[in-house]
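Summary of the model geometry
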Amino acid sequence: MILGPSVPAEAPTHVRAIMFATYARLGMLFNSEPSFGETRVCPALGVRANDVVVIVSFTGMVKGHVLLGMSRPTACAVAATLLMEEPAEFDDMTRSAVAEVANIVAGGCATSLHQEGYEAAITVPSVITGEQVEVSWPNLFVIETSIVLPAGEVELAVGLQVGDA
């Protein structure tokens, strides 16, 4: 039975939908129940992540972003799950596989949002690499947590707002 992450009481319904959909999709992909670290509400967050960051944005009634951040070794292990072989290095194939994992998660999030009554479309994932990447989302309600998977630890940040389509 999937219990999901501990989401702060002040988290809006659309953020809860994203958190639980992410948990369910990652659990399905890795055939395990991910464990979540402490979940934090962050004011106008500057998200910091090491090495690899994948961002998928939402448009429609729900606008904003979902970020998955991880180390290069974790990105390679995540890619290996999808590719069914261990990549020799972090290359274009690895980037593509990590982006596809983010796409799978975002698709689940869009479905979950729809079930809660929010229409949202997803964008093509952006993969950003570098050391100590910082992403800022001013004026968004942001929740941040870590997810421990068999492939390694992944940082999850969700920054969304609800408005007119």
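Here the structure is a predicted model, which is why all the values come from computation and not from measurement. (Residues numbered from 1 in each chain as written. Predicted model: local features only at pLDDT ≥ 70, side-chain atom pairs only at ≥ 80, totals over all residues. Heavy atoms only, no water.)

Glancing now at the overall build of the protein chain. Helix and strand counts for the protein chain come out as 3 helices and 8 strands. Across the 165 residues in the protein chain, those meeting the buried criterion constitute 48%. If you take every contact in the protein chain between residues at least 6 apart in sequence, the share linking residues at least 24 apart comes to 67%. (Helix = DSSP H or I, 4+ residues; strand = E, 2+ residues; numbered from the N terminus. Buried < 20%, exposed > 50% of the residue type's maximum accessible area, 1.4 Å probe, protein only. Contact = heavy atoms within 4.5 Å.)

Attention now goes to helix α3 (residues 92-115). Over its 24 residues, α3 extends 34 Å from the first C-alpha to the last, a length consistent with the 34 Å expected when each residue adds 1.5 Å. One side-chain oxygen at the N-terminal end of α3 lies 3.2 Å from the backbone nitrogen of Met93; it belongs to Asp91. Among the residues trailing α3, Gly117 stands out with phi positive, at a value near 95°. (Expected span 1.5 Å × (residues − 1). Polar contact = N/O pair within 3.5 Å; in protein donor to acceptor, adjacent residues only side chain to side chain.)

A separate point is the nonpolar core. By size, the foremost hydrophobic cluster in this structure holds 42 residues, and its most contacted members are Ile18, Phe58, Met70, Val98, Leu156 and Val158. Breaking this core down by element, the ones donating at least two residues are α1 (13-30), β3 (46-60), β4 (62-70), α2 (72-83), α3, β7 (141-149) and β8 (152-162). Element by element, the count of residues in this core is highest for α3, at 9 residues. Not counting chain neighbours up to four residues away, the residues in contact with Ile18 comprise Phe58, Val66, Cys109, Leu113, Val158 and Leu160. Counting residues in hydrophobic clusters, the runner-up holds 10 residues, among them Cys42, Val53, Val133 and Leu140. (Core = buried A, V, L, I, M, F, W, Y, C linked by side-chain atoms within 4.5 Å.)

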